[in-house]
Every structure is written in structure tokens, then in C-alpha cells.
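Examining the three-dimensional arrangement
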Protein chains: 2
Amino acid sequence: MSKTEVINRRIVLNARPVGVPTAEDFRLERTAVPAPADSQVLLRTLYLSLDPYMRGRMSDRPSYAPPVELDAVMVGGTVSRVEASNHADFQVGDLVLNEGGWQDYALSDGNGVMKLGSKISHPSYALSVLGMPGFTAYYGLLTIGKPKAGETVVVASASGAVGSVVGQIAKLKGCRVVGIASGEEKCRYVVDTLGFDVCIDRRDPAFAEKLAVACPGGIDVYFENVGGAVFDAVLPLLNNGARIPVCGLIANYNDTALPPGPNRLPLLASVILTKRITMQGFIILDHYATEFAGFFREMSGWVAEGKVQIREDLVDGLEQAPQAFIGLLAGENFGKVVVRVADR
Amino acid sequence: MSKTEVINRRIVLNARPVGVPTAEDFRLERTAVPAPADSQVLLRTLYLSLDPYMRGRMSDRPSYAPPVELDAVMVGGTVSRVEASNHADFQVGDLVLNEGGWQDYALSDGNGVMKLGSKISHPSYALSVLGMPGFTAYYGLLTIGKPKAGETVVVASASGAVGSVVGQIAKLKGCRVVGIASGEEKCRYVVDTLGFDVCIDRRDPAFAEKLAVACPGGIDVYFENVGGAVFDAVLPLLNNGARIPVCGLIANYNDTALPPGPNRLPLLASVILTKRITMQGFIILDHYATEFAGFFREMSGWVAEGKVQIREDLVDGLEQAPQAFIGLLAGENFGKVVVRVADR
């Protein structure tokens, strides 16, 4: 290891964003690489996952997880390699999944660190289709959405890390699948490569009308990961007994106040009542202990057989993470955003 | 039968209300009593149930059930006595539960008519605690609300036909039960007679604050039968994993447009997500075939043992039905509204 490598670059929360995060809300720091104490491992970040939930952690309003403290390293899932180990369970060179955050190196006592084995063909998939986003799609669709063959499933952010997997699983279950994505190129990919039945461009001025045309039999499952105008267009199309798993609301994450009226809450409540809708929020972290192993087994099979595909939007260099994250919140990514921090 | 009795008074929909219904939206007609054809029965209405859902049937906007046609008899559940029978299953004198509507006499082919037997002590209970409102409370609370001992259950319209039963069942299940009702007299009744732990007056200017004080451990189940300002006060108190069965939204039934902003829909969606809330609408008519018998058996036992009580707000005379119904929508009733149409 050369001397220049023994620096830990880390991106910390510089300021809590008001509305849309800016580059100034992050700060790149350089510190010495820490040495592992007894029973600790030093982990070298290879891939860092960028995900919409991180916007919530930048704010200090109450949520399901504590916020990132000011001047603390941004949180994030990482695929890492064991660089040094004082822990009996880990050997130098082991590839692991951990919560290393936005930095080159992280210390760990092994808690929550999962070994990926030496045979894994695409280590970064542990951050996408075989990791948190894929698990979110799988659990939310199958456990809450309960799609039946022949039903219509609608999913937004259809080319993204979660939506792309939701739609492909729904196709495996025999559903008609309607995607929603931003722009023609993504829509083409969603239909041609992912195999959705149709995909509507949410930027189309006639978006709501086109969604209605694409769902002639109404909507039985709407996998909610965006909120906003997409949800407004979905609402009148919901069928009796429809299910709405809610895993994210990216359209609202940068809001600093409630949108102007009219107040549509009574309309939603009325639709939930008269159409016997089930709307259920879930946080995938709650379900790792009981459900992850089953997901991982089944999804690994689907990926190996080519039945579920994932597109990665690879970003090179830790220093690019803030801009890539800002772009993710604006829908500028095309596929799962993964930052390649180091090659090995 | 004297000659004057052989008139059928019936209350028909005279006009579709805009906003709050008025007396002019109804019309009392007098017609001849029809004669039963082959396989028909003639039913004499003894008790007519008045329920909030009827407001929906007066409008022609799409809902889960078709609207009442203009000039047609208002729909409604009734306890009736068989007056004449050309149907093998029914004898003159039988007491039955049927959908006779707002009138003295109704013809039926027996479809959906349930015999009440000769031993029933309070025939009108078939319209309240042992009928649709009681079944709504039972099914919604137990199947969707899934209350566990020690949890906090909040129910609005706590002295009403549904709310009073919800709260009493929740007490039987070992929950802390917080009622919401209009005015001190109803609140006292809810605590002293029905046995709720506490009841908050929704007309109190400090209503939201008092609700928060009454739920120091948050809310695990909110049985939604009103909507509006009550729901707004409940929202910030919901616990992780809370369940919201939605059986009615009486606060909104007379609305002619969405309320002014801000738009609180994104706030609700955000709470559903971060707190993993399940919000589920249900229409009790869907569940009679599979669940009514079990409900009837268990609830009959509770009523016989004095574990569940019901207060009836008896109104004398069919001609009083429109005014009683208008009062029901305004929360002026005290207990389950039943119109006594005839004595025998």
C-alpha cells in the first residue's frame, strides 16, 4: 500500500438542506485511516449505494431512523473488502456487505456485516437487485401487494432500482404491468428490456389520460414509491379491493411545506372507503430478520436464470457522490445508482 | 285490518341534495298497499333503521352501491312482520329483518329476508348491535384493527351505533379505549355506561390537545367513521404499525367540493410510510356471507351477558324519518337512530 492511499476520504453532512439538497450541504474531508481495535475489522469501500431514503436522514424531523448528525459521515450501504482484521469471523480479502457510509474506509465490530462469499459474479448487485432495493420490491409487492395473475400492477420509477424489480416480479406472477418513467428512452428500456407491457412518460402533458388508456381494466396494485402527481393520476383508476404498498414518496422528500390546496386528504379517504382499498406503509429494515434469506434465495435464482435484470447507473469516484445523489432525487439517473469507490 | 290501515305511506327521494339534505329532498306519498304475487310476501314495517350511509345513496356520484332513483322509495334496513304470504318459507306473523325501505309495507320474494324467530327480546336490536352497525364494528375492529391487550384504541362517534360497539369490544379485548363524542352528556355516558377509559368532547376548543393527553402512549388502532378534523387530530398521535379500519366519513358526506388547502394528502402518505400504517376501507355488505353468522353468535352472547350495551334513539312515526336523518348527519342523535313505524 503506497502512502497516498492511507488517507480516508469521507463525505460528511455539512448543513441540513432546506428543500432540494445542494453541493454545499456536503463536505469532503480527509482523515487518517483508523486502525482496527481488538475484535474490529477495517473495511475498504468498493461500491457505495445511493438511495432516496438518504434525503430523510439529512433532515432532523422525526422519522423511522435517527438523522445523520451534522459533520458526521453520510450513511449508506456499501460493498467492501476486509483490509485488516482483528475479528475471528473475517479474513483479509473477504468481500462483505455493510453500512460503511460515504467514505473510503470504515471500522466495524462485525455487527450487521454480511459475507458475500468469493463466488459472487457482480458484487455490486448486493446493493441493488440482491440487496435493499430488490428486497423492498419483493417484500412490498408480494406481501402487501399480493398480485394475482391477470391483475394490473402499476409501478412508478419503473427504470429505477426498486420499480424495475417490482415490475419484473409482477410479470413473473402473470400480471399486466404498466410502468411510469421519465422520458422516452427510459420508457423504451422498461418495455423492451424489462418486459413491462407498457410504460408511460410521466413528463407527457397527457400523462393522466395515457395512464387511464393503459389501464382499461383499472388498477389492482399500485406500488407507491413516488407520490405527488403520479399518485393523483392513479387514484381515480383504482379498482375495488386494490392494494397500495407504500415504500417511498420521492416527489415529496424535498418539500418544505405542504402543497397548496384543495385538501385532497378527504378524497383519498373516500376512495379508500368506497373502493375498500388497503394502503400500507413499510420500512424494509423491519423485515430482514424474518424475510431476507427467503428473498435472497429466490431472487438469486431469478437473476441467474436471466428472469430479473438490473441496470446499474455506475458513478466513478467517491467525490461524485453528492452530485449523483442530487441527480437521483431529480430523477436524472437511469437505473440503480452505485458509486464505484475503489476497484479492489 | 281497518280500511284506514290499508294505505302504504312511503318516503321517496324528491330531489338530490346539494350539501346538507333538507326536508324538501324527501316526499311523503300515500299509495295502495300492494298484494303479494305468487312466491311473494307482504311485509309490514315495524322498525326502520337510519344510518349515515344513506346520504351516499341520495347522490348520483359513483360509489359502491347504486343511488336511489329520484321518486323511488328511500332504502333502509327494517324489522318487519309478515302480513300476507304466498311464499312457502314465511308464515303470517313471522318477524323478519329485510331491506324494506322508508315505507309502511314492502313486497319481497324472500331474497335477503332473514327470519328473527319468535324469541327475540328486542327486535330492533337486529338493526343495531346485532345487525349492520354491530357487525361493522365487530368486523372492522377485529379483522382490520386487530387490537391487542394493552394497546390504545380511539373511536369517534363513541356514543353512536357503530362507535359504541367498537369501544365495548375493544374493552373486552383488554385495550385502553378513548372515545370522542359531541358534548358533555354523551361523553359522560360513554365513560360511565359504556365503560370507555376516557371520552373527549370534539366540540372542545382544546380537542386536539386533550386527545393527545388522553393517549400518552400514542394510538394503535383508530377506527375511522367520521373523518375531518378528528382524523387531523389523530394523525400525529399514530404509533408505528397502527391500523386504521375505515368504515365511514360522515364529516365529509355533505361536502360539495374538496376543502381548501393546504393539501394534506402528502402528509397522510408520509405518515403511512414512516410509521408503517395500514389504512383499509371496508363495506360491511361484502362480508355477510362469510362472517355474519360468527358475529351474530358471539355478539348475541355478549348482549345477553350485559357485556355489550346499546342505546337506541327511538323516533316515533315514519313521517319523522327525514328530520331524524338530517339530525343524524349533524350528530344530534344520542345512540342508534331507529324509527318506530308500527307497534305490531
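Residues numbered from 1 in each chain as written. Chains lettered and ligands numbered in written order. Predicted model: local features only at pLDDT ≥ 70, side-chain atom pairs only at ≥ 80, totals over all residues. Heavy atoms only, no water.

In the annotation of an unreviewed UniProt entry, chain A is listed under the name NADP-dependent oxidoreductase and assigned to Dyella tabacisoli.

1. Looking at the interface of chain A and chain B
With 34 residues of chain A at the contact, the number on the chain B side is 34 residues. For the pair chain A and chain B, the summed buried surface comes to about 3,000 Å²; carbon and sulfur atoms form 69% of the total. At the junction of chain A with chain B, the criterion picks out two salt bridges. Arg 276 of chain A is the partner of Asp 286 of chain B in a salt bridge, and the nearest nitrogen-oxygen pair spans 2.8 Å. Put simply, the parts of the chain that give the side of chain A that touches chain B at least two residues each are α7 (265–274) and β13 (278–281) of chain A. No other element matches α7 of chain A, which puts nine residues into the side of chain A that touches chain B. Of the residues in the side of chain A that touches chain B, the class split is 21 nonpolar, ten polar and three charged. Two strands pair when backbone bridges link them, and β13 of chain A and strand β13 (residues 278–281) of chain B are joined in this way by three bridges, in the antiparallel orientation. Of the residues in β13 of chain B, the one forming a bridge with Thr 278 of chain A is Gln 280 of chain B. (Contact = heavy atoms within 4.5 Å. Buried area = accessible area lost by both parts, 1.4 Å probe. Salt bridge = Lys/Arg side-chain N within 4 Å of Asp/Glu carboxyl O. Helix = DSSP H or I, 4+ residues; strand = E, 2+ residues; numbered from the N terminus. Nonpolar A, V, L, I, M, F, W, Y, C, P; charged D, E, K, R; others polar. Pairing = 2+ DSSP bridges.)

2. Let's talk about the pairing of strand β3 (residues 41–49) of chain A
Residues and elements named next belong to chain A. Counting buried positions along β3 gives nine out of nine residues, so the element sits mostly inside the fold. With seven bridges joining them, β3 and strand β4 (residues 78–85) adopt antiparallel strand pairing. Opposite Leu 48, over in β4, you have Thr 78 as the bridge partner. Bridge count for β3 against strand β15 (residues 336–340) is three bridges, and the pairing is antiparallel. For Ser 49, the partnering residue across the bridge sits in β15 and is Val 338. (Buried < 20%, exposed > 50% of the residue type's maximum accessible area, 1.4 Å probe, protein only.)

3. Some points on the UniProt feature "domain: Enoyl reductase (ER)" (unreviewed entry) in chain A
Following the UniProt record, one finds the feature "domain: Enoyl reductase (ER)" (unreviewed entry) at residues 22–339 of chain A. End C-alpha atoms of residues 22–339 of chain A are separated by 18 Å, and the span's content is 28% helix alongside 24% strand. (UniProt positions renumbered as here; feature names shortened; annotations may be inferred.)

4. Some thoughts on the environment of Arg 30 of chain B
Residues and elements named next belong to chain B. Checked against the element boundaries, Arg 30 lands in strand β2 (residues 26–32). Sequence-wise, Arg 30 and Asp 109 are 79 residues apart; in three dimensions their C-alpha atoms are separated by 23 Å. Setting aside residues up to four positions removed in sequence, Arg 30 forms contacts with Ile 7, Asn 8 and Arg 9.

5. Looking at the side chain of Asp 201 of chain A
Residue and element names in this part refer to chain A. Relative to the helices and strands, Asp 201 resides in strand β10 (residues 198–201). No salt bridge is formed by the buried Asp 201. Its closest oppositely charged neighbour is Arg 203, at 5.3 Å. Looking at Asp 201, its side chain comes within polar contact range of the main-chain nitrogen of Gly 183, at 2.9 Å. Here Asp 201 is in contact with Ala 181, Ser 182, Gly 183, Glu 184, Cys 187 and Phe 207, once residues within four sequence places are set aside. (Lys, Arg positive; Asp, Glu negative; His and termini not counted. Polar contact = N/O pair within 3.5 Å; in protein donor to acceptor, adjacent residues only side chain to side chain.)

6. Some points on the relation of the copies chain A and chain B
After a rotation of 180 degrees and a shift along the axis of 0.0 Å, chain A superposes on chain B with an RMSD of 0.0 Å. Taken together, the rotation and translation describe the operation of a two-fold axis. Of the residues that chain A buries at the interface, 100% are likewise interface residues in chain B, meaning the two copies contact each other through the same surface. (Least-squares fit on C-alpha atoms with pLDDT ≥ 70 in both.)

7. Observations concerning the packing of aromatic side chains
All names here are of chain A. Across all of its chains, the model carries 32 aromatic pairs over all chains by this definition. Measuring from ring centre to ring centre gives 4.9 Å for Phe 135 and Tyr 288, while their planes differ by 80 degrees; the resulting arrangement is edge-to-face. Note that Phe 135 is positioned in helix α2 (residues 132–145) and Tyr 288 in helix α8 (residues 288–304), a separation of 153 residues in sequence. By relative accessible area, which is 29% here, Tyr 288 ends up partly exposed. Among the aromatic residues, ring-to-ring pairing joins Phe 135, Tyr 138, Tyr 139, Phe 223, Phe 282, Tyr 288, Phe 292, Phe 295, Phe 296 and Trp 302 into one connected group. Lying over the aromatic face of Phe 334, Arg 311 brings its terminal NZ or CZ to 3.6 Å of the ring centre. (Phe/Tyr/Trp six-rings, centres within 6.5 Å; stacked < 30°, edge-to-face > 60°. Lys NZ or Arg CZ within 6 Å of the ring centre and 35° of its normal.)

8. A word on the environment of Pro 52 of chain B
Residue and element names in this part refer to chain B. Here Pro 52 lies in the loop between β3 (41–49) and α1 (53–57). Put simply, Pro 52 and Arg 176 are 124 residues apart on the chain and 27 Å apart in space, counted from C-alpha to C-alpha. Excluding its chain neighbours within four sequence positions, the residues that come into contact with Pro 52 are Ile 250, Tyr 253, Leu 328 and Leu 329.

9. Quick notes on the domain arrangement of chain A
Residues and elements named next belong to chain A. According to the domain assignment, chain A consists of domain 1 (3–127 + 311–340) and domain 2 (132–284). The gap between the C-alpha centroids of domain 1 and domain 2 is 29 Å. Facing 21 residues of domain 1, the contacting portion of domain 2 comprises 14 residues. Of the roughly 1,500 Å² buried where domain 1 meets domain 2, counting both sides, 61% is carbon and sulfur surface. (Domains from an automatic or database assignment.)

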